[in-house]
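Below, each chain spelled out in residue letters.
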Amino acid sequence: MSTRTEWDAETEDDARPSVWIDRSPKWAVGLFVLVTVGAAAFYLYMTRYRWFFADDWDYLVVRNLGVPASLLRPHNEHLQLLPIVVERLTFGIFKLDSYLPYQIPVIILHLGVSWLIWAHIKRAGVGAWIATAGATTFLLLGSALGNIIFASQLTMVGALSFGLLQLLLANHDGPWQRRDYWALVAGFTAMLCSNVSVTMIAVTGLTMLLRRGWKTAVLQTVPLAAVFLLWSAFYGTSKFRPGSAADLAEFIWRGMRGAFNSLSQIPWGGVLLVIVLLAGLTLVVLSHGWSVFRGRLAAPAAMFLGGVGSYLAAGIGRAGPYGPESAAGSRFSGVAIALIIPLLAVAVDAICRRNTAVGILALVVLVAGIPQNIDKAFSSARAEQKQITKVRELIMALPVNPLAADAPDDLRPLPEDAYATEVTMGFLKEGLRDGWLPQSAGIDRKTELAATFRLSLYQRVDAGPGPGPCTPIVEPLDIRAEAGDQIHIGGGFVSFTETTVKGALKGQRITYNPNRGTTVAVLSGPLSLRLTGTGVNGAGQFCGIGN
């Protein structure tokens, strides 16, 4: 295969310094450096209210550095060895004193992804100013704030960053070089972060197939695929049921539409971006033919398809149980947007080279969402701060509650809360005893009552089936339970709400998933409870009460 392509030569001829987007490239780089520094300060400021969240607790409570199987066991079907090790090592040094040390790695990787996007855009022959504009839209993507400041999102951002690094190292002409070995190392590191790496490795493979031939494509993908399949054979599990083809297609459609809209943020902005993309690529093909996609545009094209593929991979497991509307999650759009920006930048660059005025309009469409995305970051932070503070105060109140001393170590007091599902009383009591669990300045009455109610019920994982047939909870069901009673549930999620003797709601509520235990023991009573059934697995069921 030739070490130079027709597209290489044409790009050099077209990218003349006389074209305005190519002038003063050092200033463009300098501007992006300043924006990166500003973004780092901005995200550090935005993290000041954050605390341990969702998947963090799985890493800190459940995983053990001394047990390899604990590190290799999938989390939501993903291999997450590297993020687990990073969080466990950080916990060993900082405990729960501050969340900041846990967040710094994911923020750094987000900044790194932005620079990798910039590098991929430049590698495609795009002017430095367009590259800076395109990469900045991702750098300041406030609509995907969760991917930037949640420590556990080291999983997706890590797989994305190392996957983009593999692609950058492997994306060259000519024979196999030392950098190709480093590309494999980057791909392997991506695989240790999450299954997003599967999409990223596929993107690298497709790029190699287009630009360097099938042998290089095989060498950059098959060894990594073999390792992943080996892990899947020993540890991989699937708890999701696939949806229909129609659900999957709608999931992909909703996801890509949401990604374009999240990037633009203005009315009809997603449609305008698609128009810019199609118009720019049409100009490229008319000027250079389809052969451009076997040269410098191989990577941007493969990345765009990878953006679609990321929704395909996510939809296989989620379109069925959670519905196509679940594609709107920012964790998915963040990955897709990173992969579609380079081809968008190529399109804007092509329009700018053909007509300055129209090119400026296309550039405005590309960056128009930046102010609104910054505002989205603020609004998202404000919306989450209250709930995070509430959960933090509750967690600190639990081990000092009078009922805590007799609570089983494996009791999970927040089983339904996405913020702290894996927290156990054993973990909290250990933290209180050893002095590394932060203490609340003052526990209000509402938080104290919530802690008491949550320590009065215990979902047992070792209990047998209920005493009688299970009945779907179609209407709210009121029951009276004494200490020592065991309430049996089944089907979908079942919520327990504390009531007065006369049935008035007190406001305390816990939701249990029967998949994690079909018996809820009453540790302290008597309790007046109202049961309601819900959940993606079908209506919750009541299967009797006994002792």
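(A) Looking closely at empty space enclosed by the protein. As enumerated under the stated definition, the model contains 2 cavities of 30 Å³ or more in all. In this structure, the largest cavity spans a volume of roughly 80 Å³. If you trace the largest cavity, you find it lined by His 110, Phe 138, Leu 141, Ala 144, Asn 147, Ile 148, Met 156, Val 157, Leu 160, Gly 334 and Val 335. Counting residues per element, the ones that place at least two in the lining of the largest cavity are helix 8 (146-149), helix 9 (154-170) and helix 16 (330-354). Broken down by element, the residue count for the lining of the largest cavity peaks at 3 residues, all from helix 9.

(B) View of a nonpolar patch on the surface. A cluster of nonpolar side chains, contributed by Ile 266, Trp 268, Val 271, Leu 272 and Ile 275, occupies part of the molecular surface with about 490 Å² of accessible area. Turning to its location among the elements, Ile 266 is positioned in the loop between helix 13 (245-264) and helix 14 (269-288).

(C) Quick look at the pairing of strand 8 (residues 527-534). Sheet analysis places strand 3 (residues 477-481) next to strand 8, joined by 5 bridges and oriented antiparallel. Residue Arg 480 lies in a different strand from strand 8, and its bridge partner there is Ser 528. Where strand 5 (residues 493-499) meets strand 8, 7 bridges bridge the pair, whose relative direction is antiparallel. Within strand 8, the residue paired with Ser 495 across the bridge is Thr 532.

(D) Main features of the pattern of salt bridges. Under the criterion given, the structure shown has 13 salt bridges. Its salt-bridge partner being Lys 429, residue Asp 409 comes within 3.3 Å of it at the nearest N-O pair. Placement of Asp 409 in the loop between helix 18 (370-397) and helix 19 (425-434) and of Lys 429 in helix 19 is noted, with a sequence separation of 20 residues between them. Overall, Lys 429 belongs to the buried group, its relative accessible area being 18%.

(E) Expanded view of the environment of Ala 381. Tracing the sequence through the fold places Ala 381 in helix 18. Of the residues examined, Ala 381 reaches a relative accessible area of 7% and is grouped as buried. Each C-alpha atom of the pair Ala 381 and Thr 47 lies 8.5 Å from the other, and the pair is 334 residues apart in sequence.

(F) Looking closely at unusual backbone geometry. Following Gly 525, the chain continues into Pro 526 via a peptide bond in cis, with omega recorded as 5°. Among the secondary structure elements, Pro 526 is positioned in the loop between strand 7 (519-522) and strand 8. At Glu 77, a position not held by glycine, the phi torsion is positive, near 75°. Looking at where Glu 77 falls in the secondary structure, it is placed in the loop between helix 4 (68-72) and helix 5 (81-94). Phi is positive for Gln 265, close to 70°, though the residue is something other than glycine. By the secondary structure assignment, Gln 265 is in the loop between helix 13 and helix 14.

(G) Broad picture of the packing of helix 14 against helix 16. Contact geometry of helix 14 with helix 16 gives a least axis separation of 8 Å together with a crossing angle of 65°. The chirality of how helix 14 crosses helix 16 is left-handed. Together, Leu 273, Val 276, Leu 277, Ala 279, Gly 280, Leu 281, Leu 283, Val 284 and Ser 287 of helix 14 and Leu 343, Leu 344, Val 346, Ala 347, Val 348, Ala 350, Ile 351 and Arg 354 of helix 16 make up the contact between the two elements. Partitioning the contact of helix 14 with helix 16 into residue classes produces 14 nonpolar, 2 polar and 1 charged.

(H) Representation of the packing of helix 15 (residues 298-322) against helix 16 in the model. One can describe the packing of helix 15 onto helix 16 by two numbers: an axis separation of 7 Å at closest approach and a directional angle of 160°. Classified by the interaxial angle, the pair formed by helix 15 and helix 16 is roughly antiparallel. Judged by the sense of rotation from one axis to the other, the crossing of helix 15 with helix 16 is left-handed. Residue-level inspection shows Pro 300, Ala 301, Met 303, Phe 304, Gly 306, Gly 307, Ser 310, Tyr 311, Ala 314 and Arg 318 of helix 15 in contact with helix 16, the latter providing Phe 332, Ser 333, Val 335, Ala 336, Ala 338, Leu 339, Ile 340, Pro 342, Leu 343 and Val 346.

(I) A look at the sheet that holds strand 9 (residues 540-546). Read from one edge of the open sheet, 5 strands run 1-7-4-9-2, paired in antiparallel fashion. In this open sheet, the two strands that pair with only one neighbour each are strand 1 (457-460) and strand 2 (471-472). Alignment of strand 1 against strand 7, held across 4 bridges, turns out to be antiparallel. Looking across to strand 7, one finds that Tyr 458 is bridged to Ala 521.

(J) Summary view of the packing of aromatic side chains. A full pass over the atoms with the stated rule returns 22 aromatic pairs. When the ring of Phe 52 is compared with that of Tyr 99, the centres are 4.9 Å apart and the planes differ by 75°; the resulting orientation is edge-to-face. Here Phe 52 is found in the loop between helix 2 (25-46) and helix 3 (55-62), whereas its partner Tyr 99 is found in the loop between helix 5 and helix 6 (100-123), with 47 residues between them in sequence. The exposure class of Phe 52 is buried, given its relative accessible area of 3%. Linked through ring pairs, Trp 51, Phe 52, Trp 57, Phe 91, Tyr 99, Tyr 102, Phe 427 and Trp 436 together constitute an aromatic cluster. Stacked on the ring of Tyr 45, the Lys or Arg Arg 48 has its end atom at 4.0 Å from the ring centre. When the ring centre of Phe 53 is taken as reference, the NZ or CZ atom of Arg 50 above it lies at 5.2 Å.

Criteria and thresholds
- Residues numbered from 1 in each chain as written.
- Predicted model: local features only at pLDDT ≥ 70, side-chain atom pairs only at ≥ 80, totals over all residues.
- Heavy atoms only, no water.
- 1 Å grid on protein atoms, 1.4 Å probe; cavity = no way out; pocket = protein on both sides within 12 Å on 5 of 7 lines; lining within 4 Å.
- Points joined across faces, edges and corners; volume = space filled by probe spheres on them.
- Helix = DSSP H or I, 4+ residues; strand = E, 2+ residues; numbered from the N terminus.
- Patch = residues over 30% accessible without salt bridge, like charges linked within 9 Å, V, L, I, M, F, W, Y side chains within 5 Å.
- Areas by Shrake-Rupley, 256 points an atom, 1.4 Å probe, with all protein chains shown as cover.
- Salt bridge = Lys/Arg side-chain N within 4 Å of Asp/Glu carboxyl O.
- Pairing = 2+ DSSP bridges.
- Buried < 20%, exposed > 50% of the residue type's maximum accessible area, 1.4 Å probe, protein only.
- Axes fitted to C-alpha atoms, helices over the stretch in contact; angles between N-to-C directions.
- Left-handed = near helix turned anticlockwise from the far one by under 90°.
- Contact = heavy atoms within 4.5 Å.
- Nonpolar A, V, L, I, M, F, W, Y, C, P; charged D, E, K, R; others polar.
- Parallel < 35°, antiparallel > 145°, perpendicular 65-115°, else oblique.
- Phe/Tyr/Trp six-rings, centres within 6.5 Å; stacked < 30°, edge-to-face > 60°.
- Lys NZ or Arg CZ within 6 Å of the ring centre and 35° of its normal.

Such coordinate-based values are descriptive only and should not be taken to indicate function.
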